[in-house]
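Structural description and commentary
Each chain, written out:
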Amino acid sequence: MKALNRLARTMAAPAALCAALAFTAPVAAQDFAITNATVATGDGSEPMQNATVVVRGGRIVAAGSGIAAPAGMQTVDGSGRWVTPGIVATVTDLGLWDVGAVQESNDIRSGNSPFSAALDVSPAINPSSQHVLVSRAAGITRAATVSQPSSSIFGGQGALIDLGADANTVTRPRAFQMVSLGEGGGRLAGGSRVSAHALFRNALLEARNLAEGTGAISGTASRPPERRTGDDLPIDPRLADNQTERGDDVLLSRFDAAALAPVVNGSQPLYVEVERASDIRAVLALREEFPQLDMVLVGASEGWLVADAIAAAGVPVIADGLDDLPESFEQLAATQSNIGRMVQAGVKVAINAASMEQPRYLPQYAGNLVALSRMPGAAGLSWGQAFAAITSVPAEISGMAGRYGTLSTGAAGDVVIWDGDPLEVSSAPVAVYIDGVEQPLSNHQTRLRERYRDLDESDLPKAYDW
Amino acid sequence: MTASTLRRPLANSIAVALAAISLAGCASTSDEPTRSTRVASTEVPYASTYRAYPGQPTALLGATIFDGEGGRIDNGIVLFADGEIVGVGPASLAIPAGYARIDGAGKYVTPGVIDIHSHLGNYPTPSVDAHSDGNEATDPTTPEVWAEHSVWPQDPGFSRALANGGVTALQILPGSANLTGGRSVTLKNVPSRTVQGMKFPGAPYGMKMACGENPKRVYGGRGRAPSTRMGNFAANRQMWLDAQEYADGDRKDRDLAKETLAGVLDGDILIHNHCYRADEMALVLDMAKEFGYKVTAFHHAVESYKIADLLREAGTCSAVWADWYGFKMEAYDGIPENAALIQNGGACVIIHSDDENGIQRLNQEAAKAQADGRRMGIDIPDEQVVSWFTLNAARAMGIDDVTGSLKAGKMADLVLWNGDPLSVYSRPEKVWVDGAMMFDAMDPNRRPVSDFELGQPGEGDVK
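**Some points on the domain arrangement of chain A**
By convention, interface size is frequently given as the accessible area that disappears when the constituent parts associate. All names here are of chain A. Splitting chain A by domain gives domain 1 (31-86 + 405-466) and domain 2 (179-397). Between the C-alpha centres of domain 1 and domain 2 the distance comes to 32 Å. Domain 1 puts 14 residues into the contact, and the matching count from domain 2 is 15 residues.

**Points about helix H5 (residues 254-264) of chain A**
All names here are of chain A. Burial of H5 is extensive: ten of the eleven residues sit out of reach of the surface. Residues of H5 that are buried: Arg 254, Asp 256, Ala 257, Ala 258, Ala 259, Leu 260, Ala 261, Pro 262, Val 263 and Val 264. On its buried face, H5 is in contact with strand E8 (154-162), strand E9 (170-180), helix H4 (193-212) and strand E10 (270-274). Backbone geometry just downstream of H5 places Gly 266 in the positive-phi region, at approximately 85°.

**Thoughts on the packing of helix H3 (residues 229-248) of chain B against helix H4 (residues 256-266) of chain B**
Residues and elements named next belong to chain B. One can describe the packing of H3 onto H4 by two numbers: an axis separation of 9 Å at closest approach and a directional angle of 85°. Accordingly, the angle class assigned to the pair H3 and H4 is roughly perpendicular. Counted together, Met 239, Ala 243, Gln 244, Tyr 246 and Ala 247 of H3 and Lys 258, Leu 261, Ala 262 and Leu 265 of H4 form the full contact between these two elements. In terms of residue class, the contact of H3 with H4 is built from seven nonpolar, one polar and one charged.

**Quick word on the nonpolar core**
The biggest cluster of nonpolar side chains holds 266 residues, and the ones touching the most others in it are Val 272, Leu 297 and Ala 366 of chain A together with Ile 350 of chain B. By residue number, the principal contributor to this core is H4 of chain A, which donates eight residues. Both domains that furnish three or more residues to this core are identified here as domain 1 (31-86 + 405-466) and domain 2 (179-397) of chain A. For Ile 350 of chain B, the residues in contact, after removing those within four places along its chain, are Ile 116, Ala 297, Cys 317, Ser 318, Ala 319, Trp 388, Asn 392, Ala 393 and Ala 396 of chain B.

**Some words on helix H9 (residues 362-372) of chain A**
H9 of chain A sits mainly inside the fold: eleven of its eleven residues count as buried. Looking at H9 of chain A, one finds that the buried residues are Leu 362, Pro 363, Gln 364, Tyr 365, Ala 366, Gly 367, Asn 368, Leu 369, Val 370, Ala 371 and Leu 372 of chain A. Of the surrounding secondary structure, the elements contacted by the buried residues of H9 of chain A are strand E6 (87-92), helix H8 (338-344), strand E13 (349-351) and helix H10 (383-388) of chain A together with helix H8 (362-375) of chain B.

**Describing the interface of chain A and chain B**
Counting residues at the interface gives 41 residues for chain A, matched by 44 residues for chain B. Listing elements by their share of the side of chain A that touches chain B, those giving two or more residues are helix H2 (130-137), H9 and helix H12 (444-451) of chain A. Of all the elements, H9 of chain A adds the most residues to the side of chain A that touches chain B, at five residues. Of the residues belonging to the side of chain A that touches chain B, the class tally is 21 nonpolar, 13 polar and seven charged.

Calculation notes
- Residues numbered from 1 in each chain as written.
- Chains lettered and ligands numbered in written order.
- Predicted model: local features only at pLDDT ≥ 70, side-chain atom pairs only at ≥ 80, totals over all residues.
- Domains from an automatic or database assignment.
- Contact = placed C-beta atoms within 7 Å.
- Buried ≥ 20, exposed ≤ 12 C-beta atoms within 10 Å, placed from the backbone.
- Helix = DSSP H or I, 4+ residues; strand = E, 2+ residues; numbered from the N terminus.
- Axes fitted to C-alpha atoms, helices over the stretch in contact; angles between N-to-C directions.
- Parallel < 35°, antiparallel > 145°, perpendicular 65-115°, else oblique.
- Nonpolar A, V, L, I, M, F, W, Y, C, P; charged D, E, K, R; others polar.
- Core = buried A, V, L, I, M, F, W, Y, C linked by C-beta atoms within 7 Å.

Here is the structure:
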């Protein structure tokens, strides 16, 4: 336990520094234009031929056909290339682990933690994790990263990060709260969905009481909440050192209840893991009691069965892209057409990075949804819709509309140059820019590849080949 | 690689006793001790009852054909009838009378996809504890168990593999909790009320072994052997010593475990060895030499690229994912160029799934691995990449003389894709098994629906 505390302390200091620097201008941002490329803007439209993208001061200035590169600006010939905004991966565990089965390197779950909703991944995120590097080389520039519900139905607060090769990783800490309300939530709640819903309602009521300072709970913060980036949600005062006291009749620790205060008042989105149609209905109904909840559904394998209700509620979905098996009794109606049908019903849908082996499969999953549009009886997406489902739509769901996942004017200079159609499995990035800064694409894998390009050890062992 | 002498018994695939079939070539390494010939049991228990379903003589016209053996024909013709491939050739190929013609212009034909590593049926969906039938994790050495006794034919995953993956044959393996997990079973991907009705007629058995982390974690975690890699090897070597003693004896006492091991030493049962690390695979290859058996394929094999030379010399295939890595310590050095580097080193590549979702996209995995190779300067033609999920898998499963490629006389197991199978935008349009159309994207009734799905949400959906 002591070792863990030490680890937490050593991690926290640099993370705070990173956060403080996150919105200062990138030092090495280049001004450049890419010309003659096939350009997809991420906004749902189809790709444009012979188009130009202009980046200045770390931001997109223009993207489209008929745009001339500004005089004197460094120009990259994009002939034969595709240019797009960087991929936005949601939901991920990027930066939270090195080796899945090496427990001490893995911060995805905290099953023995005394805390749940108060968990905040931002100080634990490691931008040097190989999975961050590998994902960056695959064209992912932004991600929402979060720990999984494990000590309770609440997983804690996820962060928005960029995948740049610098220490300014966390763009927005405490960007959203995660809760599980299906089979998984039932298990964590003591064995049933019934208990999960009781726990959930109680938690939100305790949070509301705490936030409103009513009931048995009183007290004021002894110092104001700190703000780090100017863009993060303020920490509730009761999460800071204070004199707050609460009554005895509470289930949540003060930290957990305070962490849910911004959820109850709608200032922090609540990501709800849920799969079954009836569970989705039950989750949507919670808004009657807690009308300010800013919900996002995650998973939603049976979403197509209740697509109209989801659309009417205006709740976006981060859906598993290609699940088509009854993996559990809450996914009996799973089909690859789920996303296409929900989109047809008017639901805003992003593809869930957590539904695949690695976030770098996002373009492949999107491409499969395009393929599906040609199959009789199936519902897929157009190319533009599919690409939006891994760029602008997840950015919008993350509260970053117009900033990430798009080439619209003023957006961050997150640009990927691909050697072909980015949704095609044979394509890969040739250059990745984040905030206008060209990124290194090497990692442990590329180093191994170069070492073992041949097996010649006639002069020295492979260990000298680096 | 394997010198399977398996013969397809009859045109309509009647089950055959397989144990009598010699696969001696599989184990022929120069330093192998000579084993006396044994009279194997002439009767296979739980024998296949699979029969090909009716089909009609069919000509696929105008498609691009990848024959699975490295051949490519543009605007070609594939003929099949009575369950067999009749001919494959250019547009000038004569079409016999009575053949139904299917226009394949703009489309592609490949042999049926074959997955050498699947747990459909023994880890079926729904993935509830009651369905966890893949690991007899009560003893680290269980050669006596047979995967076929765990297979639930109603696993909905079979239908997804068929419709979305074009899979016509697959090997179901025991899991990797044990050092020796038991016998595998090779299936035709055809719905059946019984597993016997799916068993691939005449296919040899395989035996699953596992290196590394899994066995030592499962058993070491219980305070018993093996808890280390050296413990893994000690248990394996003692197993083979005991097996040799049994095999060299009169074999009159029935012993399920020893019978399987003797079958491996005889070369009748093929070794499929879960193994990630290069150094560990090299040790296993030496263990195989020590006891005179052959490792047919290493599965997962994320570090095969480090020892492609050793694998080429041993004639051992690597059954791999395109780019899985990092989920466990022994997978930390996985790289996307693995398959291309293995192929470039002259060793055999197979793309496998080990996953009920991945099995639906083996063609895409192969395409990814091909592209990652191309980017480092290793150019492997499409027609060769197709063999990674067809003929190479069939070879390592010992069924390559009856399926795995589009060759006259072989089973008419084939897929008509609506586009290039190495593109993300293509999907199977029609799938035939032994010349019977088992899936047709254009006909909602040519889509299997398992018992489990009847009367439940999504029954009969496109999935």
